[in-house]
Amino acid sequence: MPERRTSRLTRPETLTAIGIAVVAAGFLIPTYDLRAISSLLPAAMLIGLIVLSVFLLVSDQRKAGAGEDAAPMTKSPKRVVGAFLMIVGYALASDFIGFYASTAVTIPLVAWVFGYRSPVGLLIATVIVVGTIWAIFDFGMSQDFPTGRLWGR
Amino acid sequence: MYSDLLHALPDVITFTNFAAVVIGVIAGIVVGAMPGLSATMAISVLVPFTFGLEPLVALGLMAGIYNGAMYGGAIPAVLLRIPGTPAAVATTFDGYPMAQKGEGGFALQVAVVSSAFGGIASAFALMLLAPPLSRVTLLFGPSEVFWVAVFGLASIIFLLGGNPVKGLISACFGVFVSVIGSDPIYGDDRFTFGQLEMLDGISIVILLVGLYALPPVIDLLETPLKTDGVNSSKLGTEPIWKALPRMKYWKTWIRGSFIGIWIGILPGAGGSMAAFMSYNEARRKSKHPETWGEGEPEGVAAAEVANNADTASALIPALTLGIPGTAVAAVMLGGLLVHGLQPGPMLFRDNPDIVFGFMWQFLFGAILLIPLGGSLATNSFARLLNLPRPLLGSVIIVLMLIGVYSIHGRMFDVYLMLGFGAIGWVMDRLQFPLPPVVLGLILGGFAEENLRLALRIGRGDPMVLFQNWTSLILVALTVAVIIGPSIKKRYADRRKQA
């Protein structure tokens, strides 16, 4: 099958290999400030990562040269990006607004956005989950959750 | 040698410890029954919640989940032809045709009894083989321990199959993560970038949750799955005690158990390979191989007995040498570390009650499959398939945050987990194996410490690593593991050409 991408360098494995090599090279810099024995294993691993990523890059480019198409990483990129953003958004909201408020909003919001559209079901599920978390962790185990940096707590 | 095994029994049969196994089995069946969720993911999410628990309660939950999930995977495999776990693929071959014929209930009962049989055999194998092996490994010094770690990493990279370059990248990444934090001997900061939170290193729990829990959640939200529930409504269930006399699969169960146990011990193989091998072998021995694939209950028995027989046996190398045979075993090692239990020979010497108690819990977990899975599975658990996946995904996200936050009570760990989750998702999609990352993190620090200790003993001479027979045997085994698969492949290619 012919390669459908405009550039062979945008193949997922090629991009990953380049990313690994760049990040590993970046992490190599602080090893010069360490004692030789302390930097032995980390430097070996980072150099290993760079060498292996070159192998990966070459093998992927050979595949591209042979006309082998690279499978896309996802069939629904918007849903994947949306899911990631919602999870990151939930973590940030818990940190800045507080855990309970964010959780009470996130559970129905994520479920609604990704296709579960029953208001009663969402309400019941949210009450059960938030209530159970409060009963087990807050009440039962005295676990503290983030209360929100925005409120200065 | 086995007296410690009996001493550990009273601790296991206390109410709390036994209840943990019961809860674990039920939770495991629920998780296994949901396509997209796995025992690895469930245990990863569970591990941070077990911090405050007694070790045997935590390990009982894990043992129960592992046993339950391996059976639970059969429920959607039989009813929807969607394996709940990768190990349940072979169960679909005859399970689904049985469900279409209105025999779904019997197929699930065969699955649960076979799973229990395999699990019990596996637990006995763990009890019989692990103690003598641990005695041998107690004699190891720093250089041997270093080589054991190298052998463990090599086995999981090269025997796991797939692309060895990707396996090596995964392992290097895992070992690199293990060195982040203070140097164990000189106290130098390594890659902490001034973050106090990273001085103690990266907690295995953060990595486990990120790598194993986040990608499945993304999958749940990415792909809408509609289930028709047709086969769930015509299960044709009868009480399990009435169904038992119809199950005359002793030979298949015994053969499948041996296959599963052997595959479990081998690093990198796993339940799906065991199930396929057992299924093929049982079909080869069958008097009516033509009925297989069209709803032959013995096919379900062969697949399920083997995929459960690899559960406890995968822990034989994991507990004695610190080398897990499967991804779940790797995650379980992480669970042990959380409770300060370093897998390896010292575990048997320093914590016999816990390690042998864990073995009993595996046995009880397997036995409990029959009453818990057998009575409820065909009715209640089949309904789980109708749970909305987006809702499930959102609840798991919340559990992940709580679990990781509760380790040290700081959001930094949550952000770190999300970073590992993103890396894990990319690795998962590009088919980089994840177990070498976990094993790299577990064994990296361990290997470094022992390497440096050995070098100190040898006054800096690296030849100290090759100065005794045990080390040389381990080096030879490592080399064999590395070059073995390519020699085997060449041999197979030549035979094909001939």
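So, how was this worked out
Residues numbered from 1 in each chain as written. Chains lettered and ligands numbered in written order. Predicted model: local features only at pLDDT ≥ 70, side-chain atom pairs only at ≥ 80, totals over all residues. Contact = placed C-beta atoms within 7 Å. Helix = DSSP H or I, 4+ residues; strand = E, 2+ residues; numbered from the N terminus. Nonpolar A, V, L, I, M, F, W, Y, C, P; charged D, E, K, R; others polar. Axes fitted to C-alpha atoms, helices over the stretch in contact; angles between N-to-C directions. Parallel < 35°, antiparallel > 145°, perpendicular 65-115°, else oblique. Left-handed = near helix turned anticlockwise from the far one by under 90°. Buried ≥ 20, exposed ≤ 12 C-beta atoms within 10 Å, placed from the backbone. pLDDT = per-residue confidence, 0-100.

A word on the interface of chain A and chain B
Link 1 in the chain: The partner chain B presents 41 residues to the 50 residues of chain A that form the contact.
Link 2 in the chain: Per element, the largest residue contribution to the side of chain A that touches chain B is 12 residues, and it comes from helix H2 (residues 36–65) of chain A.
Link 3 in the chain: Of the residues in the side of chain A that touches chain B, the class split is 34 nonpolar, 11 polar and 5 charged.

With respect to the packing of helix H7 (residues 104–137) of chain B against helix H12 (residues 250–265) of chain B
Residue and element names in this part refer to chain B.
Link 1 in the chain: Across the interface, H7 lies against H12 with an axial gap of 9 Å and an inter-helix angle of 50°. As the angle between them shows, H7 and H12 are arranged oblique. Crossing handedness for the pair H7 and H12: right-handed. Mapping the contact onto sequence places Ser114, Phe117, Gly118, Ala121, Ser122 and Ala125 in H7 and Trp253, Gly256, Ser257, Gly260, Ile261 and Gly264 in H12.

Some details on unusual backbone geometry
Apart from glycine, the bulk of residues carry a negative phi angle, and the bulk of peptide bonds sit in the trans form.
All names here are of chain B.
Link 1 in the chain: A positive phi is found at Phe191, a non-glycine position, where the angle reads about 60°.
Link 2 in the chain: Within the secondary structure, Phe191 sits in the loop between strand S2 (189–190) and helix H10 (204–222).
Link 3 in the chain: Owing to 18 C-beta atoms within 10 Å, Phe191 belongs among the partly exposed residues under this scheme.
Link 4 in the chain: Phi is positive for Phe193, close to 50°, though the residue is something other than glycine.
Link 5 in the chain: Within the element layout of this structure, Phe193 appears in the loop between S2 and H10.
Link 6 in the chain: Classification of Phe193 as exposed rests on a count of 8 C-beta atoms within 10 Å.

Considerations on the confidence of the model for chain B
Link 1 in the chain: Mean pLDDT over chain B: 84, with 92% of residues reaching 70 or higher.
Link 2 in the chain: Within chain B, the lowest mean pLDDT, 74, falls on helix H11 (residues 240–243) of chain B, and the highest, 94, falls on helix H20 (residues 411–429) of chain B.

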